[in-house]
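# A look at the structure
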Amino acid sequence: MSTLLKNQPGETCCVICEQYKWKGIYLYTSFICSDCEKKIISTETNDPQYKFYLKKMRKINAPEIYS
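Here the structure is a predicted model, which is why all the values come from computation and not from measurement. (Residues numbered from 1 in each chain as written. Predicted model: local features only at pLDDT ≥ 70, side-chain atom pairs only at ≥ 80, totals over all residues. Heavy atoms only, no water.)

## Here's the deal with unusual backbone geometry
What counts is decided by this rule: In DSSP terms, a helix is any run of H or I states spanning at least four residues, a strand is any run of E spanning at least two, and both are numbered starting from the N terminus. Under the scheme applied here, a residue whose accessible area is under 20% of the maximum for its type counts as buried, over 50% as exposed, and between as partly exposed, the area being computed with a 1.4 Å probe on protein chains only.
A positive phi angle is found at Glu18, which is not glycine, with a value near 60 degrees. Within the secondary structure, Glu18 is located in the loop between strand S1 (12-13) and strand S2 (20-21). For Tyr28, which is not glycine, the phi dihedral falls at a positive 60 degrees. By the secondary structure assignment, Tyr28 is in the loop between strand S3 (24-27) and strand S4 (30-33). What makes Tyr28 exposed here is its relative accessible area of 52%.

Take a look at the structure:
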């Protein structure tokens, strides 16, 4: 029997791991959970995982300012 995961009020979907989490930061309009934030900060640039994080973070775009 499968169960669908539903987000609770206050939870936001992380742009990196794509899971709903409570704690994290907003970068422009995108949410990065605390777990992914720690992994990104501690990953060395020569680590293969670093390219994965770069690819995921390319989804984040600065909001356009309209005058």
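Further notes follow.
## Focus: the pairing of S4
Regular strands have side chains that alternate between both faces of the sheet. What counts is decided by this rule: In this scheme, strands are said to pair when DSSP sees at least two bridges between them.
Residues Ser30 and Ile32 line one face of S4 and the alternating positions Phe31 and Cys33 line the opposite face, and both faces are buried. Sheet topology note: the S3/S4 ladder contains 4 bridges and is antiparallel. Along S4, the bridge assignment pairs Gly24 with Cys33. Turn length for the S3-S4 hairpin, with the two strands adjacent in sequence and antiparallel, is 2 residues, and the turn residue Tyr28 shows positive phi of about 60 degrees.

## Things to note about the pattern of salt bridges
Test applied: Salt bridges are defined by distance alone: a side-chain nitrogen of Lys or Arg within 4 Å of a carboxyl oxygen of Asp or Glu.
What the rule picks out here adds up to 3 salt bridges. Between Glu18 and Lys59 there is a salt bridge; the shortest N-O distance is 3.0 Å. Linking Glu18 in the loop between S1 and S2 with Lys59 in the segment after helix H2 (48-57), this pair joins segments that are 41 residues apart in sequence. Under the relative-accessibility criterion, Glu18 is labelled partly exposed at 46%. Residue class for Lys59 comes out partly exposed when judged on its relative accessible area of 46%. We note a salt bridge from Lys21 to Asp35, for which the minimum N-O separation is 3.1 Å.

Any functional reading would require information beyond the geometric quantities listed.
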